[in-house]
Every structure is written in structure tokens, then in C-alpha cells.
Amino acid sequence: MKDLKMYIGGRFVESHSGKWINVLNPSTEEVISRQPEGDLQDVDDALNAAQAAFKPWARTPAIERAAYLQKIAAGIRARHADFVEILMREQGKTKMWAETEVGATEGYFDYMASFARHIEGEVIPSDRRGETIILTKRPIGVVAGILPWNFPFFLIARKAGAALIAGCTIVMKPSQLTPEICTTFCEVADAAGVPAGVINVVTGKGSVIGHALASSDKIGIVSVTGSVGAGQSIMAAASNNITKVSLELGGKAPAIVFPDADLEASAQWILDSRIGNNGQICNNAERVYVHKDIKDEFTEILQKKFEKVRVGDPLADPSVDMGPLVEKRALESVTAKVEKAVGQGAKVLCGGKPVGGKGYFYPATLLDNCTQDMDIIHEETFGPVLPIVPFDDIDQVIDWANDVEYGLASSVFTKDIDTATKVCRRLEFGETYINREHFEAMQGFHAGVKKSGIGGADGKHGVDEYLVTHVTYLDTHYEE
């Protein structure tokens, strides 16, 4: 069993509390490490370190900050296999998804480094003679980055990469389910020579560490990826100081299949969008609407694909399609949601029960006989379960797709560009994928509406989250 360390002010430290929290392998339920149970003094130490480092870091030319990001990317590549193994062991990722996440993390730091020469201001015409209005961008300050367990490595890059190139320093709080990937990342950042205090990590309970970070007057922005409940709690804590928040929360993505779609390809895209990361992604396809004319044919194709999905321990068999859910509570939640759906009239076509034995395994599950009023259509499942609902016409399916409190991802499958654009214009979601799987690009902008969140990440708009504007009115008293 490995003892993890926090990273504060350029040093690897244990908690002032002297307490520890065990970390389990979700495939075997074995304790694989323990993390320091951080306390308020640890948070204060990290905030002070980040605050002390902020002004020197902000004054560092962006191109020099970019060089550190590139060194971090190179350091991750040098330990690529180590990070893949940690993700498979700690979060239960399949080999393919662990490789994807580590590769995306490497690429993201390099991508964010490219913004060094693209953080730009504006010169704005004035109404006055002899005056020039100059708008510039400045770093917002110390960032609190609260990380999820489902992409515990990539979200470091998504938050810290953008924050650091913008000139901010950061204090990160990893999920207590997946802390090792974050504390190991700090070894890479330390070896890259990142100045002390620019990156800090405090491990422990979200109710303690997350709340303390969000409620601090030393924070410029709180960036959170997590549940709606976590976002609401963080938002309330941040309101005391009117601190900016950026929230990526839950989702209930619809996938809409029209009669002219390529049914075989669409079924594969939807399967990939449902079982990706063991069904634990905010923009996973959570419900599929299929036109009544092709419903039986499409369901048969989809069922055959679901039945072929292999579930198991990724470290024992790297070829499996899905690993475990992340913890026992997640397994219990998914199980309860399926049982409730069956109680409301849904029919299980495949899967439908935990695999059994050690580990938190749940099979790819397809539900038929579903209707729009069922809870499984409205509540986020966050597991490999897909309900099928037939629809009659385009207006009906758009209304049903929008009939949820979430608004993150959605998808449309059709060969008709008019249908695709009409649906896309009316869907109330931050992202729509047409004839492809649900998976965003780092140069896009990953953001939701409704209870899926506020603000967003990726691309130039993601960097803007960590910047504030300053306007200078320059009057030269020049008389024409």
C-alpha cells in the first residue's frame, strides 16, 4: 500500500491532521493506497503559497509560462505507462480509455502552451477627440480546481493548463476516490521546475476541502467538475465573496435516430457513447429516441452490440470493453435505477443486474418499453444503462429531448442535412454531435446549459474563464 503526499508550496507534505483516507481498487475492492485527510490548516497553507506565487507568475511572460507547460507534457509522456496503470487500478478505466486520457492530457498541456501568443486585447474607438480606449486581459488570481473521479487526470490539464497559461496559480482538490493520479502529476510538475506555489494539491474530503476553497476570499475563480449537488454547494459557498464559479455538472444526453440514418453505424456510435469510461461520463448518451418506423430493426441491431460488451478487471484482462463502476455507492445507485425502471414498466433486453463477486461491475444494459414519463428518462444514471423510446415526429422528439433539467450533450443521426440543422437549432444543449459518438474536442468549448453548469472549458473561450478585462482610457490631450 502506497502512502500519498499532498503538494503545497513546492513541497510534498502530509496533513496537519495526521489522519488518512484509504483508496480502493474498484475492480478488486482492495486498499491500494492512502491519502492524507487534509484539514483547514492545509487549505490555508496551500492558499497562502498560491497567493504568494501569483504576482511573480502573472508577471512572467506568457511564452515562459508556456515552456513550463511543455515540460509538463514531456514529463507525462516520459511516464506515460505509469499514468495508464494508475488510472486502470485507481478508477477502473479500460486500457483503451486510460491510454486515451493520458494521451489527451499530454496533448492538452501542449495545446494550452500554444495560447502564449494568443491572449489578446482590443483597441476601441473613443467618442472623444485625442482619446484611445485600450482593453487588456489579466489573470483572475488564485484558482480553486475541484476535480472529479471519472477523468481525474485530464481534468488536471483542463483546469491547470488553462489557468497557468493565463497567469493564474492553482490549488487543486482531487476526488478522494482517485487521488494518486493527481499527486503523481505533482512529481512531474516538480521535476519540470514549476515555481513553488504555482501548483498546489490538497487531498481529503470534499465537504471540508472543497468548501474551504470555495468560501475563501483569496480565490479568484472556483472551477468544479462534479454533480449538481456539489455545484450547488460550491456556488453557495462562493457567494459569500461573490467569487466567480465555473461549473460542469450532470447530463442526460439524448440520442435521436431518424429513419434515414445508417442504422448499423448509428448503433455503434450510440453504444460507444453509452459505455465509454464504463458509462461514467457527463456527456454519455443516456437515452435514445428511435423513430417508430425503424424502432424494432434498430433495437435488434443495438441489442446484439450490447450483448457483446465484455466486462471485467482491466488490469487482469486489458482487452475488456468495460471495467467497474467507481465505488459501491455507484453500483447500488445504478442497480436501484434499473429496478425502478422495471417497476415502472421497462423491459430488460440484456444486462440489468450486477455481475456479482468482487468489484463493482455492472453490465451493458438495454431497456425497452420505456416511455417519456419514466424516471430513467429524466434522472442521470451515470452507468452503462440505455433506455429506448420510440417517437412519431420531429416536433415530438425535440420536445422530449429538451424535457430534462440538464443541458450538456445531445446527438442526432440522419443523412438529411435539413433535419439535422433543424433539430440542432432547437435542442437546448451546449453540444450536439451529428452522426458520431459523444466526445468533445480540446479546441472546442465544453459547456452546458440549465443545471449542467455555468461557464465552460477548452479552446480560447476556456482560457477566457481565467482572465478578467481591464480598460484604460488614454487621453493624450491632442488637439487636431
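See above for the structure.
The rules behind each value
Residues numbered from 1 in each chain as written. Predicted model: local features only at pLDDT ≥ 70, side-chain atom pairs only at ≥ 80, totals over all residues. Heavy atoms only, no water. Phe/Tyr/Trp six-rings, centres within 6.5 Å; stacked < 30°, edge-to-face > 60°. Buried < 20%, exposed > 50% of the residue type's maximum accessible area, 1.4 Å probe, protein only. Helix = DSSP H or I, 4+ residues; strand = E, 2+ residues; numbered from the N terminus. Arc of directions from axis to C-beta. Contact = heavy atoms within 4.5 Å. Polar contact = N/O pair within 3.5 Å; in protein donor to acceptor, adjacent residues only side chain to side chain. Pairing = 2+ DSSP bridges. Core = buried A, V, L, I, M, F, W, Y, C linked by side-chain atoms within 4.5 Å. Axes fitted to C-alpha atoms, helices over the stretch in contact; angles between N-to-C directions. Expected span 1.5 Å × (residues − 1).

Participant: I'd like a description of the packing of aromatic side chains, backed by residues and values.
Facilitator: Taken as a whole and judged by the stated rule, the model has 13 aromatic pairs. Here the aromatic rings of Tyr7 and Phe12 are separated by 4.7 Å at their centres, their planes lie at 45°, and the arrangement is tilted. What makes Phe12 partly exposed here is its relative accessible area of 34%. An angle of 80° between the planes, with centres 5.5 Å apart, marks the rings of Phe258 and Phe391 as edge-to-face. One end of the pair, Phe258, is in the loop between strand 13 (253-257) and helix 9 (263-275); the other, Phe391, is in strand 17 (residues 385-391), and 133 residues separate them in sequence. Phe391 shares its class with Phe258; the two are buried.

Participant: Give a description of helix 14 (residues 417-426) that names residues and reports values.
Facilitator: An α-helical segment advances 3.6 residues per turn. Residues three or four places apart therefore align on the same side. Listing the buried residues of helix 14 in full gives Thr419, Ala420 and Val423. Along the axis of helix 14, the buried residues cluster in a sector spanning 100°; they form a single face. Exposed residues on helix 14 whose side chains face more than 90 degrees from its buried face are Ile417, Asp418 and Arg425. Elements in contact with the buried residues of helix 14: strand 13, helix 13 (394-402), strand 19 (411-413) and strand 20 (433-434). For helix 14, the N-terminal capping position is held by Asp416, with its side-chain oxygen 2.8 Å away from the main-chain nitrogen of Asp418.

Participant: Describe the sheet that holds strand 5 (residues 31-36), with residues and values.
Facilitator: The strand order 1-5-4 describes an open sheet built from 3 strands, whose pairing is mixed. Of all the strands in the sheet, the pair left with one neighbour each is strand 1 (2-3) and strand 4 (20-24). Two elements, strand 4 and strand 5, share 5 bridges in a ladder whose sense is antiparallel. Considered in strand 5, the bridge of Trp20 is made with Pro36.

Participant: An account of the nonpolar core is requested, with residue identities and associated values reported.
Facilitator: Within the largest apolar cluster, 58 residues are counted, with the highest numbers of intra-cluster contacts made by Ile72, Met172, Phe185 and Ile199. Contributing elements (two or more residues each) for this core: helix 1 (40-59), helix 2 (62-78), helix 3 (80-90), helix 4 (95-113), helix 5 (154-166), strand 9 (169-173), helix 6 (180-191) and strand 10 (199-201). With 10 residues, the top contributor of residues to this core is helix 5. Non-local contacts of Met172, meaning those with residues more than four positions away in its chain, are made with Gly145, Leu147, Ile156, Ala160, Cys182, Phe185, Ile199, Asn200, Val201 and Val202. Grouped together as the second largest cluster of nonpolar side chains are 34 residues, Trp149, Cys282, Ala330 and Val389 included.

Participant: Describe the sheet that holds strand 20, listing the residues and the values that go with them.
Facilitator: Think of a sheet as strands paired side by side through backbone hydrogen bonds, with each pair either parallel or antiparallel. Read across the open sheet, the 7 strands follow the order 15-16-17-14-13-19-20; overall the sheet is mixed. Whereas interior strands pair on both sides, the edge strands pair on one side only; in this sheet they are strand 15 (347-350) and strand 20. Pairing between strand 15 and strand 16 (residues 365-368): 3 bridges, direction antiparallel. Bridging across to strand 16, Lys347 finds its partner in Asp368. Sheet strands in contact with helix 9 are strand 13, strand 14 (285-291), strand 17 and strand 19, and its direction is about 160° off that of strand 14.

Participant: So what's going on with helix 4? Which residues, and what values?
Facilitator: Over its 19 residues, helix 4 extends 28 Å from the first C-alpha to the last, a length consistent with the 27 Å expected when each residue adds 1.5 Å. Of all the residues in helix 4, the buried ones are Trp97, Ala98, Glu101, Val102, Thr105, Glu106, Tyr108, Phe109, Tyr111, Met112 and Ala113.

Participant: Pulling in residues and values, what's your account of unusual backbone geometry?
Facilitator: With a phi close to 55°, Asn277 is a non-glycine residue in the positive phi region. Among the structural elements, Asn277 can be located in the loop between helix 9 and strand 14. Although it is not a glycine, Asp458 sits at a positive phi angle of roughly 90°. Among the structural elements, Asp458 can be located in the loop between strand 22 (453-454) and helix 15 (459-464).

Participant: So, the pairing of strand 7 (residues 131-139): which residues are in play, and what are the values?
Facilitator: Across 4 bridges, the pairing between strand 6 (residues 122-125) and strand 7 is antiparallel. Each residue of the ladder has a partner; that of Val123, found in strand 7, is Ile134. In this structure, strand 7 lies alongside strand 23 (residues 467-475), joined through 9 bridges in antiparallel fashion. Bridge pairing links Lys137 to Thr469 in strand 23.

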